[in-house]
Each structure stands twice: as structure tokens, then as C-alpha cells.
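A closer look at the structure
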Amino acid sequence: MSQTPSMAQKVVEDHLAVHTLIRAYQVRGHHSAQLDPLGILEADLDSFVPSDLINTIDNLGIYGLEESDLDKTFQLPSTTFIGGNETTLPLHEIIRRLETAYCGHIGVEFMFINNVEQCQWIRQRFETPGVMQFTNAEKRTLLARLVRSTRFEDFLARKWSSEKRFGLEGCEVLIPALKMIIDKSSEAGIATVIMGMPHRGRLNVLANVVRKDLDQIFCQFDPKLEAADEGSGDVKYHLGMYHERINRETDKDITLSLMANPSHLEAVDPVVQGKTKAEQFYCGDTEGKKVMSILMHGDAAFAGQGVVYETFHLSELPSYTTHGTIHVVVNNQIGFTTDPRMARSSPYPTDVARVVNAPIFHVNADDPEAVMYVCRVAAEWRSTFNKDVVIDLVCYRRFGHNEMDEPMFTQPLMYKQIRRQEHVLKKYSDKLISEGVVTLQEYEEEVAKYDKICEEAYTSSKDEKIMHIRHWLDSPWPDFFTAEGEPRSMSCPPTGLEEADLQHIGQIASSVPLKDFSIHSGVSRILRGRADMVKKRQVDWALGEYMAFGSLLKDGTHVRLSGQDVERGTFSHRHHVLHDQEVDKRICVPMNHLWQNQASYTVCNSSLSEYGVLGFELGFAMARPNALVCWEAQFGDFHNTAQCIIDQFISSGQAKWVRQNGIVLLLPHGMEGMGPEHSSARPERFLQMSKDDPDRYPEISGEFDVQQLYDCNWIVVNCSTPANYFHVLRRQILLPFRKPLIIFTPKSLLRHPDARSSFDDMASGTKFQRIIPDSGPASQNPEKVKRVIFCTGKVYYELAKERKQHSLEDQVAIIRLEQISPFPFDLVKAEVEKYGDAELIWCQEEHKNMGYYDYIRPRFLTVLANKKPIWYVGRDPAAAPATGNKFTHLAELKRFMDTAFNLQAFEGRSF
């Protein structure tokens, strides 16, 4: 029978309608997926069911189709794989297969990805009929892993029923999920996996994924366990671990590192990424084929914490990418006591991942095989496309936020259902027994076997009397320390350089190593200025930094400088990356053209993030001790958006986790009339967290300066000369241990004609000066000196200028405190004794309640045995770090300069 034109048109319209229907399932099918194991909530907060999915026959009308069309056969488009080997299917079968693929226990979000190949790849993995098949051996492995995961938590609950442990009950499937990801990644060539996770399930991951000895975990619950003398320690569900072992499934070596982290959820995300990047860098893994990261998250934190977004935005940046991270969200559908509807505005907790085109696989955690399939696909995605991917394990939390908490107060209906909910292990074991994959006896033997392992470990754990935090180290440096984890010496060699090296670095720093490279005339002028300085054997701030970096590169030490606008420098002083003015994107990094076999230099402008990027650099510095890793704030004032990293990791990381780190923070600081947000790097905060005792004069012996550095938690300096900046950077690497270094860097001093150093100050045998004594007339006749002004940083140059104008060079000595913490008690004492009769002043440009005064005052009084005062000169107390008015700024400066040189200012004042 021949078709009429209207019939032909109807056929075309119906085919187009079917194509639209298929696309509707691909885009919105996840909204109808059966994701909540409890069957109470929809996993997404949009309660509507998309009307373009065929939940009822009536919905066919949207497409101009009728019930009678269900048996009609339709040609399938190339954008679907539901046909398998068939190219046509009846409409009812098309709908059935789409429902199976997209509305079962897996919800796939991927159609926002703007890459056709990637979308096709995902469609093939989820639409192909019968694709989710597992062999009996795979099912048995899954069951055995589920047994270990579940029985581990059961064992802890039995033995320590009143202890907080943040158990995994309700998401026991996480353990087999992680093991599947690691197995598949190992198969693809991955040899190192670095993981970050919150506290929930951490002990289980340590036991059953990283494979920490069970007795080491169990002894943590013993209240009589003493701490070894190596720091203050941390609670058991924050500790990390590093372990090398054979992967049983692939028979290949695998190194697993679970990073220690604080209770601040998601803070560890960028740290993991930084360490992963470093491990990739050191093994030449430019495509992420050998080293990868896995990040675990909670649903409330993944949606609520901004650092998640910051970390995602590092994922594709050339100097920060780790070539794809697998994110696993343990979606309890609750945050402590807060309902998801009060905790986020987006349908899913995972919606933040859409910004980087990461596919998101939602899966019902009570269907272990669906979870395993999703994990397999995620691992394959990462090894194929080297992009991030998110697995959303929709589960529940069987108990409260911790085991002592009562969830019925706030979620009564949810917890009534949870109490009725059958455990996933019971469900899955029953399923496999009914399928004949295992027998009841085999299953019970598997349970008994693991229970016996736990009991034996429990017995042996009682022999553990001392808790050694170093057994939980996540980033060991075996070649750097002794076998006991101690420094190989307690001395630091001089940090000066040979004249030839200074000249060579100076010449490269003032030239363009590439031929036919057209630079900007302004940069050309800067390079000529550098060449002139080198001829005069002088350095300014930028050249001093160049000397430090270049010399370390010669010795094989990798140098990495990261932060906002660091390539040029916020103040246009650095210019480490030269840009060809004629050829777009052609650049030159002269620092990488210094020596034949030098280490490489990485300088990279970061995204406009402090929290995420500082965390990343901290992780990078963690991987190896032989690297100078620097993070520079655009202005020191902006470091406080990364305060969490500073407080929880940098200041206290070694005390909590016995983990040394040599990261350098470069924080531009100085009162220059630029207003309250461009003046202060808040030195008072760093000094308040420095752990040296203000009231005890230390025993001075041997290498006191090095011992002081070893005992401190971080080093705080404010260098006033380029040479001292050069030395402190080199000392950071030449020390036999690693400590964070906080440097308050200058702004106006970058170009100040007096802030120059001679090559003589950097020559062989020279080293960092913790204080710079007065070298003028006052120092030659100390008995004539009436006043000694101690200060730090830029204010020295203003004081020196003012002293000259008052012609007081012989009556006022000015001494610069270059290393503020740890406090140089020995050198300060020598200076105080030298000028025995003089009045002592502390002068700072910061306000009295800020800056250094509260830190230095008690330490000076300790040096003086409380027999003599040190008077304060500086700005008055204030709420804001600086005024926004230039006139006020200058008036404040004049006021305290006048006081500094008014020798009668403190007459008659009582101490």
C-alpha cells in the first residue's frame, strides 16, 4: 500500500518524537531513578517527575504518540545504544530499555557535557543491553569485601560501644567501591593512589582499603595507651597512612596514601591534589597515567563548603591539574541534624561538579552490584579522558552523627525507617545464596574467618603500650631522615655563593636566553637596570630572589612559585615569565636556562583563590623535602581567606601528625597609605601561634640557632635587605629538617634605593642574619648611646632617614629584628648588654594591638630579667589594620617618628 504524503509526514514526526523521547531519558531520567535505599526521599530535592518521561501512558501525548503506537517499530538514532545489535525496536521496548538504563538504581547526569565523544562513551556504558554483568567470581569477591566492611564496624561496636568512631554503617558498600576503583585503576597502569576523606568510615578505609594492621587501629581505643614524645597527636579518625603493597586483583605494586586531615570538612581536598601533582611531577607522569587521587566527601559538606568549588577550578589548570580525580560522595541524605532541604539550594549535593563538565553517577548504595558497575565505569572514564568524575553513593547513616548521638530528636521518620532497614550485607548474601553463587555455609565461613582475624588482632593490640604517631605518617621521607625519623645532623652550612655563580645568575636574570624574542620596552628597561646592578655587584629584592632560586636549581632542588600574578609579580618587579610582544602565547622563563643539568623551575599564576591554592601548595611541599615550594599572596592581607589551611595544617601539622613541611608563605606587608586591605599580613596572628615560651630564657649551647628552628612550629621573618631574603630562602633547603617559613615581604622596598645588598653580603661563608645590628657611629661608642630602637622590616628605612635628619646617629642605635620567631634571645641579649645604659624602644608602623609588640614585649622582658622596660612607639590601638586616608596615614607616621627621636618622651614614666 503506497503512503500518502500526510502518512509519510506522520512517520517522520513519530520518528522525531521517539528521538526526542530518547533524549529526554538521557537528560532527565535520573530524576526518576530509584536512588534512596530507604524509599523515603527522592535523592534530588526537585520533587517533580519530569513530564516528558513515560511514567504513564498519558505522557505519550506530549510527543503526539498514542497507546496504539507502542507496538510500532522505530528506527533508532546514532545517539543511543539501547538497541544493542538491532537498529529498530518497538516503542514499548524502547521505553522499557530506557527505563532500565536511566531510571533503575543508577541515575546518570552527563548530558550537560559539551563533548559528543564523551557523551557517546557514557551512553554506551549505560544503555547497551546486558552491559551490567558480573561473573560469579566477581560477585564472590564483592561479597567478601562487604563482609569485611560490615564485620569491621560490628566488631568495633561490640568492643567499644561507647566510643566515637564515626562508623560506616549504612554505607558499608564504600569499601568494595574504593577497592573496585583501585583495582581498575591499577589495571590501567596506576601505581600510586592518594586519598582524602572525612572522618566517617575512615578507620574502615584504613583497615580494609589501605590495609593498616588491625592491632594498630584497635589499640587506639585503649584509654591507657601512652603517647610517644613526638607531638600532641590527633584523634584516631583524623590520622593518615602510607602503605605499599601488592594489589591482589592485578598482582601489581600499588602505593596507597590516605592524607591526615582536620575536622574542617573538605579542607584536605586541595592538599590531596597538590600532593598528587607533586608525585606526578617527580615521576615524570605528565598525563596522570601512574599517579591519581580519590577524594571522598559527605553530601552536606560537598554542597556547603566553598573549597570544593575552588578545588574543582584547579582541575584543568596546566600547573595544577592532576589529570582527573574520582570523587566519591557518601550521601547520607543528612548533615549532622540538618535536613538536605535546609542544607542546599541545588537538587543534588553534587551539582557543583557540573561546572567542570564532570559526569555524575548517582547510585543506590543498597545495590552493591550497581555500585561496583558505576565504580568500574568511573575508573575507566578517568583513565580514558583524564577528567574528574563523581560517584554519588545515595545511602543512609544507621546511627547518629557519632555513635553517642540521638538522631530521633530531629529525624524521627527517617530513623524509624532505618531501624526497620535490612543490612545491605544480609540483602546481598541472601541474593547470592538464592542465585547459587555461594552457599550459606561458605558465607558463614567467610564471616567467621574475618571475625577471627579481628579477635586475634584485638588480643595482640593489648601488647601495644605506646602510640607512635609516625606509624601513621602519610608522607614519609625515608632518604631525608634517619630510620628513626630524626634529622641526620643539627647544623646548617653557610648559605652564601661563589662570586662566579652570582655573576652568572645575574647575567641570565638581565637577559633574554631565546633568539628573536621581542620583549616589551618596559621589561627591557628593567633588564638593563639589573645588568647595571650586576656590574656594580649589587642586588635589589627581585635579583636577590633570583639568586636564591637560581642557585637552588643548580643544586638539583626544584623551585615552585605559585599564587595570584606571581609570574610578573603584583608590583611588576619579578618578570620571571617574559612574553613575546609579536607572537601570541610565546613565552620565555630565563630561570630555566641557567645551567645544563639544573632542576626545573615552575612559576605559575594561580586561580583567584587563596584557600584552595595554599592547600594545594602545602600538599605539593609534602611530597618531597628537596623542593622550595612558595605561595605568594597578592597582598598579605588576603591570606586570611586561607586561614583554615594556616591554622589546621601549617601551624599545627607537625605536632598533630609528625609531618614536616617546608612551605614558604610570601606575604606582602607594610603601611604605605594603601588602606585597610592592602597594608597588613597580620603578623600578630602568626606570632600568637608560635610556640616558643616567652617567659623562659633558653639554654644557649652549640648550634643554638638551628636547635631553636628545630624546636619551633614555624619560622617568622621580616627581612629588610635582599641579601637576608636570599639567605633565608637558601637556608630553608639547607637545613637538615623542614619547617614552614612565613616571610613578610616588602612593597615600596622593592625599588627603594637603600634596600640594596652587595654581592659581599651573599658571598661564600655568609649566612642569614637573625638580627642586623647598628653599624654606624652609635655602635662605635655604645656608652654614648641614649636610646636603642629595635624594629623589623620597612620601618627601619624611615627611622634611619629620620635619625639622619635629627643628627642623632651617635645617640640612637637602630637594630633590626630580622627573624622574629623563634625569638633570637642570644643576639638580643648581646645587643642589650652592649648598650647597657640606653633606653630601649620597640618601634613598629603597625597599630599597637597588631604587629609584633605583644609577641616581643614579654620576650624582651625575659632577656632583661624584668629589670628594665622596653617602651612602645608606633600607631595607637585600632580596629582596622590601616587608615584609608592618605593624610591621616602620614600624620600617624609623623607622630610616632617624632616620638621615636624625642629622647625625653618617656622621662618620668614608671615601668
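It should be noted that the structure appears before, not after, this text.
Now for a look at the structure at hand. A quick note: this is a predicted structure, and the numbers were derived from the prediction, not measured.

Cut-offs applied
- Residues numbered from 1 in each chain as written.
- Predicted model: local features only at pLDDT ≥ 70, side-chain atom pairs only at ≥ 80, totals over all residues.
- Heavy atoms only, no water.
- Helix = DSSP H or I, 4+ residues; strand = E, 2+ residues; numbered from the N terminus.
- Buried < 20%, exposed > 50% of the residue type's maximum accessible area, 1.4 Å probe, protein only.
- Contact = heavy atoms within 4.5 Å.
- Areas by Shrake-Rupley, 256 points an atom, 1.4 Å probe, with all protein chains shown as cover.
- Lys, Arg positive; Asp, Glu negative; His and termini not counted.
- Charge placed at Lys NZ, Arg CZ, Asp CG, Glu CD.
- Core = buried A, V, L, I, M, F, W, Y, C linked by side-chain atoms within 4.5 Å.
- Salt bridge = Lys/Arg side-chain N within 4 Å of Asp/Glu carboxyl O.
- Expected span 1.5 Å × (residues − 1).
- Pairing = 2+ DSSP bridges.
- Phe/Tyr/Trp six-rings, centres within 6.5 Å; stacked < 30°, edge-to-face > 60°.
- Axes fitted to C-alpha atoms, helices over the stretch in contact; angles between N-to-C directions.
- Parallel < 35°, antiparallel > 145°, perpendicular 65-115°, else oblique.
- Nonpolar A, V, L, I, M, F, W, Y, C, P; charged D, E, K, R; others polar.
- Polar contact = N/O pair within 3.5 Å; in protein donor to acceptor, adjacent residues only side chain to side chain.

1. Some remarks on the overall build of the protein chain
Along the protein chain, the regular secondary structure elements total 29 helices and 28 strands. Principal-axis analysis of the C-alpha atoms gives the protein chain an extent of 115 × 75 × 50 Å. Looking at the 911 residues of the protein chain, the share that counts as buried comes to 61%. The contacts in the protein chain between residues at least 6 apart in sequence include a share of 81% that link residues at least 24 apart. Of the accessible surface of the protein chain, which amounts to about 36,100 Å², a share of 50% is contributed by carbon and sulfur atoms. Of the charged side chains in the protein chain, 101 are positive and 122 negative, and the gap between their average positions amounts to 4 Å.

2. Some points on the nonpolar core
Here is a general trend for soluble globular proteins: nonpolar side chains tend to be buried in one another's company. The biggest cluster of nonpolar side chains holds 182 residues, and the ones touching the most others in it are Phe218 and Ile856. Sequence-distant contacts of Ile856, that is, excluding residues within four places in its chain, are made with Leu817, Ile820, Phe823, Trp842 and Ile870. Counting 58 residues, the second-largest nonpolar core is a separate cluster that includes Ile508, Trp541, Val603 and Tyr725.

3. Details of the pattern of salt bridges
Counting across every chain of the model gives 46 salt bridges. In this structure, the salt-bridge partner of Asp501 is Lys554, at a minimum N-O distance of 3.1 Å. One end of the pair, Asp501, is in helix α16 (residues 499–509); the other, Lys554, is in helix α18 (residues 541–554), and 53 residues separate them in sequence. Judged by relative accessible area, which is 38%, Lys554 ranks as partly exposed. We note a salt bridge from Arg770 to Asp826, for which the minimum N-O separation is 2.9 Å. On the criterion of sequence distance, the pair formed by Arg770 in the loop between β22 (757–758) and β23 (771–772) and Asp826 in helix α27 (residues 825–834) is long-range, its members being 56 residues apart.

4. Details of helix α8 (residues 268–282)
The first and last C-alpha atoms of α8 sit 21 Å apart over 15 residues, in line with the 21 Å expected at 1.5 Å per residue. A large share of α8 lies buried, amounting to 13 of its 15 residues. Residue Gly284 follows α8 closely and has a positive phi angle near 65 degrees.

5. Observations regarding the pairing of strand β17 (residues 601–605)
Burial within β17 is extensive, with four of its five residues counted as buried. Sheet topology note: the strand β14 (residues 558–563)/β17 ladder contains five bridges and is parallel. Bridge pairing links Arg560 to Thr602 in β17.

6. Description of the packing of aromatic side chains
The full count for this structure, using the stated rule, is 39 aromatic pairs. Ring plane angle 80 degrees and centroid distance 5.9 Å describe the contact between Trp477 and Phe480, whose orientation is recorded as edge-to-face. Using a relative accessible area of 7% as the deciding quantity, one classes Trp477 as buried. Members of the aromatic cluster, each reached through a chain of ring pairs, are Phe152, Phe155, Trp160, Phe218, Phe221 and Tyr458.

7. Some points on the sheet that holds β23
Judged by pairing direction, the sheet is mixed, and its five strands sit side by side in the order β23-β25-β24-β27-β28 without closing on themselves. Since the sheet does not close on itself, it has two edges, and those belong to β23 and β28 (870–875), each with one partner. Bridge count between strand β24 (residues 787–791) and strand β25 (residues 812–817): five bridges; the pairing is parallel. Bridging from a neighbouring strand, Ile789 pairs with Ile814 of β25.

8. Considerations on the environment of Ser489
Within the secondary structure, Ser489 is located in the loop between β12 (466–467) and α16. Each C-alpha atom, one on Ser489 and one on Leu258, is 30 Å from the other, the two residues being 231 residues apart in sequence.

9. A few points about the sheet that holds strand β9 (residues 325–331)
Strand order in this open sheet of eight strands is β3-β10-β11-β9-β8-β4-β7-β6, and the pairing throughout is mixed. Only two strands of the sheet have a single neighbouring strand rather than two, namely β3 (106–109) and β6 (241–247). Shown here is a sheet whose adjacent strand axes are inclined to one another by a mean of 20 degrees, direction ignored. As paired strands, strand β10 (residues 360–364) and strand β11 (residues 389–394) are joined by five bridges and run parallel to one another. Paired with His362 across the bridge in β11 is Asp392.

10. Brief notes about the pairing of strand β19 (residues 664–668)
Strand residues, when the strand is regular, have side chains that alternate between the two faces of the sheet. Most of β19 sits inside the fold, with five of its five residues counted as buried. Alternating residues of β19 divide into Val664, Leu666 and Pro668 and Leu665 and Leu667, and every residue in both groups is buried. By the bridge criterion, three bridges tie strand β18 (residues 627–632) to β19 in an arrangement that is parallel. Paired with Glu632 across the two strands is Leu666, which belongs to β19. Note: β19 against strand β21 (residues 741–745), five bridges, orientation parallel. Considered in β21, the bridge of Val664 is made with Leu741.

11. Looking at unusual backbone geometry
With an omega dihedral of -5 degrees, the bond running from Ser821 to Pro822 counts as a cis peptide bond. Mapped onto the secondary structure, Pro822 falls in the loop between β26 (819–821) and α27. Even without being glycine, Lys585 reaches a positive phi, approximately 65 degrees. The exposure class of Lys585 is exposed, given its relative accessible area of 74%.

12. Let's talk about the packing of helix α17 (residues 521–535) against α18
Taken N-terminus to C-terminus, the directions of α17 and α18 make an angle of 75 degrees; their axes are 11 Å apart at the nearest point. On the basis of the axis angle, α17 is roughly perpendicular to α18. Across the interface between the two elements, Arg530, Met533 and Val534 from α17 touch Ala542, Leu543 and Tyr546 from α18. Partitioned by chemical class, the residues of the contact of α17 with α18 number five nonpolar, no polar and one charged.

13. Section: helix α5 (residues 174–187)
Along an α-helix, a turn takes 3.6 residues, which lines up residues three or four apart on a common side. Along its 14 residues, α5 runs 20 Å from first to last C-alpha, staying within 8% of the 20 Å computed at 1.5 Å per residue. Within α5, 12 of the 14 residues are buried, which leaves it mostly tucked inside the rest of the structure. Every buried residue belonging to α5 is among Leu174, Ile175, Pro176, Ala177, Leu178, Lys179, Met180, Ile181, Ile182, Asp183, Ser185 and Ser186, and all of these are buried. Positive backbone phi, at 115 degrees, marks Gly189, one or two positions downstream of α5.

14. Examining the side chain of Arg123
Along the chain, Arg123 falls in helix α3 (residues 116–127). Buried charge without a salt bridge: Arg123, with Glu127 as the nearest opposite-charge side chain at an N-O distance of 5.3 Å. The contacts of Arg123, once residues within four sequence positions are left out, are Gln26, Thr79, Phe81, Tyr102, Phe110, Met111 and Thr128.

15. Quick look at the environment of Met490
In this structure, Met490 sits in the loop between β12 and α16. Residues Met490 and Leu735, 245 residues apart in the sequence, show an inter-C-alpha distance of 8.3 Å. Dropping the residues within four chain positions of it, Met490 is found in contact with Glu703, Val706, Gln707, Tyr710, Pro736 and Phe737.

16. Comments concerning the packing of helix α4 (residues 136–159) against helix α12 (residues 368–385)
Contact geometry for α4 and α12: axes closest at 11 Å, N-to-C directions at 105 degrees. Relative to α12, the element α4 lies roughly perpendicular. Along the contact surface, α4 presents Glu138, Lys139, Leu142 and Leu146, while α12 presents Pro368, Glu369, Met372 and Arg376. Classifying every residue of the contact of α4 with α12 by side-chain character gives four nonpolar, no polar and four charged.

17. Remarks on the side chain of Asn386
Topologically, Asn386 is positioned in the loop between α12 and β11. Given a relative accessible area of 18%, Asn386 falls into the buried group. There is a polar contact of 3.1 Å between the side chain of Asn386 and the backbone oxygen of Glu287. Once you skip the residues sitting within four places of it in the chain, Asn386 turns out to touch Glu287, Gly288, Lys289, His323, Gly324 and Trp381.

18. Considerations on the environment of Ile62
You can see Ile62 is positioned in the loop between α1 (5–28) and β1 (73–75). Separated by 312 residues in sequence, Ile62 and Val374 have C-alpha atoms that sit 32 Å apart. Once residues within four sequence positions are removed from consideration, Ile62 is found in contact with Ser51 and Asp52.

Keep in mind these numbers describe shape, not what the thing actually does.
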